[in-house]
Amino acid sequence: VDALMLPWLLDHDKQEIYETFAARGLAAGWVRDVKEILSCPQLASRDYFADIEHPVAGKAVYPSAPFKMAETPWQMGRAPLLGEHSEAILRSLLGHSENDAVELKEESVVQGRDQQAGRLPLEGVRVLGAVHQWAGPHCCQLLADLGAEVIKVETPEGDMVRGVRIPAPGSGTYPAGLAGSKPYNRSGAFNQISHGQLSIGLDMTQPEGKELFKQLV
């Protein structure tokens, strides 16, 4: 069967194959990319996608109800701003006075919508991350997200997760699929687990590199 089907399948795109099978009552489906999902006639006829305006993020398209019920319709709303409803919750749900709400915000007990985030738990802590690949960098990323100053110590070639310096065309996870002239700075995997950190490249096969590392410690 494969020998008979494969040449025909290779000669048609996925939508043609799906529509041909469906017209003959054969169970089939095709994997759509995001653009194809957004332009799907079936989803459009069901008003599956909704435009939602956000005061910071702007207008974006969101998926809505996976199914519709006549008496309990789906309600769509935007995500809240940070601390947007702090005062309303304190006063209407918890019974605090307006003065209480002001004092709690001034003491950074609660976050108001116009306040900056409070001090992170690890602010003032410095971490030396002599780690590479996945587990160690992931731990360092958690520490950085919690406010620590993380110094990532790399070899002159860089962390292995940065990828090779001259990748094959189409390989790797790069923005827009383009490795660029410095692919070691564009690796999606590396940037995912290294944001908000500092980096120093040290050759610790040399005495001077070892001494610099000791100074960092």
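Above this note sits the structure.
A. Layout of the pairing of strand β2 (residues 58-63). Where strand β1 (residues 49-54) meets β2, 6 bridges bridge the pair, whose relative direction is antiparallel. For Ile52, the partnering residue across the bridge sits in β2 and is Ala60.

B. Region of interest: the sheet that holds strand β4 (residues 149-154). Within the open sheet, the 3 strands sit side by side as β3-β4-β5. Their pairing is parallel. A strand with exactly one partner marks an edge of an open sheet, and here the two such strands are β3 (126-129) and β5 (198-201). The sheet shows a mean angle of 20 degrees between the axes of neighbouring strands, direction not considered. The pairing of β4 with β5 spans 4 bridges and is parallel. When the bridges of β5 are listed, Ile151 appears paired with Leu198.

C. Expanded view of the packing of aromatic side chains. On inspection of all chains with the given rule, the structure shows 3 aromatic pairs. Relative to Phe21, the ring of Trp8 lies with its centre 6.2 Å away and its plane at 10 degrees, an arrangement referred to as stacked. Taken together, the positions of Trp8 in helix α1 (residues 2-10) and Phe21 in helix α2 (residues 14-23) put the pair 13 residues apart, joining distant regions of the chain. Since its relative accessible area comes to 30%, Trp8 is described here as partly exposed. Relative to Trp30, the ring of Tyr18 lies with its centre 6.3 Å away and its plane at 40 degrees, an arrangement referred to as tilted. Here the residue Tyr18 occupies a position in helix α2, and Trp30 occupies one in the loop between α2 and α3 (34-38), the gap between them amounting to 12 residues. We classify Tyr18 as partly exposed; its relative accessible area is 30%. Over the face of the ring belonging to Phe190 we find Arg162, whose NZ or CZ atom lies 3.8 Å from the ring centre.

D. Inspection of the packing of helix α5 (residues 86-93) against helix α6 (residues 98-106) at higher detail. Closest axis-to-axis distance for the α5/α6 pair is 10 Å, and the angle between their directions is 140 degrees. In terms of orientation, α5 lies oblique with respect to α6. The handedness of the crossing between α5 and α6 comes out as right-handed. In this structure, α5 contributes Glu87, Leu90 and Arg91 to the contact, and α6 contributes Glu98, Ala101, Leu104 and Lys105. When its residues are assigned to classes, the contact of α5 with α6 shows 3 nonpolar, no polar and 4 charged.

E. The packing of α1 against α2, seen in detail. Between α1 and α2, whose axes approach to 10 Å, the crossing angle comes to 125 degrees. The orientation of α1 with respect to α2, classified from their angle, is oblique. Contacts between α1 and α2 involve Met5, Trp8 and Leu9 on the former and, on the latter, Ile17, Thr20 and Phe21. Tallied by class, residues from the contact of α1 with α2 come to 5 nonpolar, 1 polar and no charged.

Each value, and the rule that gives it
- Residues numbered from 1 in each chain as written.
- Predicted model: local features only at pLDDT ≥ 70, side-chain atom pairs only at ≥ 80, totals over all residues.
- Heavy atoms only, no water.
- Pairing = 2+ DSSP bridges.
- Helix = DSSP H or I, 4+ residues; strand = E, 2+ residues; numbered from the N terminus.
- Axes fitted to C-alpha atoms, helices over the stretch in contact; angles between N-to-C directions.
- Phe/Tyr/Trp six-rings, centres within 6.5 Å; stacked < 30°, edge-to-face > 60°.
- Buried < 20%, exposed > 50% of the residue type's maximum accessible area, 1.4 Å probe, protein only.
- Lys NZ or Arg CZ within 6 Å of the ring centre and 35° of its normal.
- Parallel < 35°, antiparallel > 145°, perpendicular 65-115°, else oblique.
- Left-handed = near helix turned anticlockwise from the far one by under 90°.
- Contact = heavy atoms within 4.5 Å.
- Nonpolar A, V, L, I, M, F, W, Y, C, P; charged D, E, K, R; others polar.

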